[in-house]
Amino acid sequence: MNRPVALAVAGLVVVSAAACGSSDEDSTTAGGATGTTAVDKSAPLYSMLPASIRKAGRIIVAAPLSAPPFVYLDGDSLKGLAPSLSTQLESLFGVKFKWVDTPFPALMPGMKANKFDMLWGVLTDTKEREKSLNFIDYQRDGAVFQVKAGNPQKISGMSSLCGKAVSSLSGSQQTDLLKSEAAKCTESGKKPMDIRLYGSSSDAQLALSSGRVQVYFNSQGAAMHAANTAKNKFAVAGPVYQKQLLGAAFSKDDEGTKLSKAFQAGVLKLMESGRYKKVFEDARLEELAISRDQVKLNGGLS
C-alpha cells in the first residue's frame, strides 16, 4: 500500500481514512519527514502497549475531525479535548498518535476491518455498542439548549419550547427527545413546538444566529464551546438532558484489550498529575471532566 500523505499539525499527524497504511509501514512523522517513527521505550506505560503498537511506533486513531470541541480541524491545526489529551498521553506511551479523518458511518466498519487501533473523540459509550467494542470512558456530555446571548426567549426547560422554533440534528438522540416532548405541548393546550431538522451542526447553529429558530437543542460540549468561542453571541440555558459518557473504543481481541488497559492507565496518570484537569480548564469545559472512578471499562449509562 502507498505511504499515506500526512498533514502535520500541532505535533500530531493527520491522514485521510483512504490513506491509512498497514501496521508495518513507515509513517510520516509530525515534523513532516518520512521515516521510522521515534519511540521512547523508557516511557512509563510503554510496556503496557500491545506488541503491534510497539513495533509500529504509533497508534492509529479514527474520528471525524469536524466535531468541536471534541476533535476538529481549525485551519491547519488539530484541536479539541481528545487531541489535547493524546498529546499528553504520548509522553506516557512513548509513541505517537496518528489521527485519521474518518466519516462517522465508517468508524465501526473500519475497526472491524482492522484499519484503526482505536476510535476516539465522538463516540458515546452505550450498552449496545459495548457488544462489539470495549470502551474506556474519559469525559461526560449531554444535551442542552443553545440560545442567543442573554436568553431573550427565557428558555428554561422543555415546556418553555412550546410555540418556539427549535433546531436539531436529523437522526440524533436530541431529536428523538424533542419529538416525544413536542406532543406534550398540544396535549396541554399550548402552541405546538416547531422542530426543524438539519444535516449538520453548522446549519443548525446558523438557523439560531439568523433568527429562523429560537433554540438549538445541541450537545452540551458543542453548545458550551459555541458560547465560549463566539463571544456575546450564544449562551447555554436549561438543565442537562440525556447525560452520557464519551469513551475511547477498542477491539475486543487481545491487542485491543491491552491497548484499552494502557489507555485507562494513561488517563488515570494524567488525572494524578493534574494534566487531565488542565486540558478541560484550558478549553473552559471543566463541566465535562469526570472523576477517577468513572474511568472504567464499559461504563455506558444506557
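Residues numbered from 1 in each chain as written. Predicted model: local features only at pLDDT ≥ 70, side-chain atom pairs only at ≥ 80, totals over all residues. Heavy atoms only, no water.

Student: Hey, could you run me through the packing of aromatic side chains in this one?
Tutor: Where two aromatic rings form a pair, the distance of their centres and the angle of their planes describe that pair. If you walk through the whole model with that rule in mind, you get ten aromatic pairs. Between Phe250 and Phe263 the ring centres are 5.6 Å apart and the planes differ by 55°, which places this aromatic pair in the tilted class. Residue Phe250 is found in strand E15 (residues 234-250), and its partner Phe263 is found in helix H7 (residues 254-273); the two are separated by 13 residues along the sequence. By the burial criterion, Phe250 is buried, and Phe263 matches it. In this structure an aromatic cluster arises from ring pairing among Phe93, Phe97, Trp99, Trp120, Tyr138, Phe250 and Phe263. (Phe/Tyr/Trp six-rings, centres within 6.5 Å; stacked < 30°, edge-to-face > 60°. Helix = DSSP H or I, 4+ residues; strand = E, 2+ residues; numbered from the N terminus. Buried < 20%, exposed > 50% of the residue type's maximum accessible area, 1.4 Å probe, protein only.)

Student: Please explain the side chain of Ser260 as it appears in this structure.
Tutor: Within the element layout of this structure, Ser260 appears in helix H7. By relative accessible area, Ser260 is classed as buried at 3%. A polar contact is formed between the side chain of Ser260 and the backbone oxygen of Thr257, at a distance of 2.7 Å. (Polar contact = N/O pair within 3.5 Å; in protein donor to acceptor, adjacent residues only side chain to side chain.)

Student: How should the pattern of salt bridges be read in this particular structure?
Tutor: Two side chains with opposite charge may pair up if their charged atoms get near one another. Throughout the structure, instances matching the rule amount to nine salt bridges. Measuring nitrogen to oxygen at the nearest pair gives 3.1 Å for the salt bridge that ties Glu128 to Lys131. A salt bridge links Lys184 to Glu181; the nearest nitrogen and oxygen atoms lie 3.2 Å apart. Taken as a pair, Lys184 and Glu181 lie in helix H4 (residues 173-187) at a separation of three residues, close to a single helical turn. (Salt bridge = Lys/Arg side-chain N within 4 Å of Asp/Glu carboxyl O.)

Student: Can you walk me through the state of the cysteines in this structure?
Tutor: By definition, a disulfide links two cysteine residues through a covalent bond between their sulfur atoms. If you walk through the whole model with that rule in mind, you get one disulfide. The partner cysteine of Cys162 in its disulfide is Cys185, sulfur to sulfur 2.1 Å. Taking the sign of the S-S torsion, about -85° here, the bridge from Cys162 to Cys185 comes out left-handed. Highlighted residues: Cys162 in the loop between strand E11 (134-148) and strand E12 (165-169) and Cys185 in helix H4, separated in sequence by 23 residues. Among the residues examined, Cys162 registers a relative accessible area of 14% and is labelled buried. (Disulfide = S-S within 2.5 Å.)

Student: Before we go on, may I ask you to explain the sheet that holds strand E6 (residues 66-67) in this structure?
Tutor: What holds strands together in a sheet is hydrogen bonding between their backbones, with the strands either parallel or antiparallel. If you walk across this open sheet you meet the three strands as E6-E7-E8, and the pairing is antiparallel. Taken across any chain shown, the strands that pair with only one partner, and hence form the sheet edges, are E6 and strand E8 (77-79). In this structure, E6 lies alongside strand E7 (residues 71-74), joined through two bridges in antiparallel fashion. Residue Ala67 lies in a different strand from E7, and its bridge partner there is Val71. (Pairing = 2+ DSSP bridges.)

Student: Where do I start with helix H2 (residues 81-93) in this structure?
Tutor: Three or four residues apart is the spacing at which side chains of an α-helix point the same way, because the helix has 3.6 residues per turn. Helix length check: H2 (13 residues) gives 18 Å between terminal C-alpha atoms against 18 Å at 1.5 Å per residue, within 8%. For H2, the full list of buried residues reads Leu81, Ala82, Pro83, Leu85, Ser86, Leu89, Glu90, Leu92 and Phe93. At the exit of H2 stands Gly94, carrying a positive phi of roughly 80°. (Expected span 1.5 Å × (residues − 1).)

Student: Where do I start with the nonpolar core in this structure?
Tutor: When a protein is soluble and globular, its nonpolar side chains tend to lie buried together. Ranked by size, the top nonpolar core spans 59 residues in total, and within it Trp99 and Trp120 carry the most contacts. At eight residues, the largest contribution of residues to this core is made by H7. Val147, Ile155, Cys162 and Tyr241 belong to the second largest nonpolar core, which has 17 residues in total. (Core = buried A, V, L, I, M, F, W, Y, C linked by side-chain atoms within 4.5 Å.)

Student: Just checking my understanding: could you explain the pairing of strand E5 (residues 58-63) for this structure?
Tutor: Each regular strand displays side chains that alternate between the two surfaces of the sheet. Buried residues dominate E5, accounting for six of its six residues. Alternating residues of E5 divide into Arg58, Ile60 and Ala62 and Ile59, Val61 and Ala63, and every residue in both groups is buried. In the sheet, E5 pairs with strand E9 (residues 96-101) via six bridges, with the strands oriented parallel. Residue pairing across strands places Ala63 opposite Asp101, the latter belonging to E9. The sheet contact formed by E5 and strand E10 (residues 118-119) spans two bridges and is parallel.

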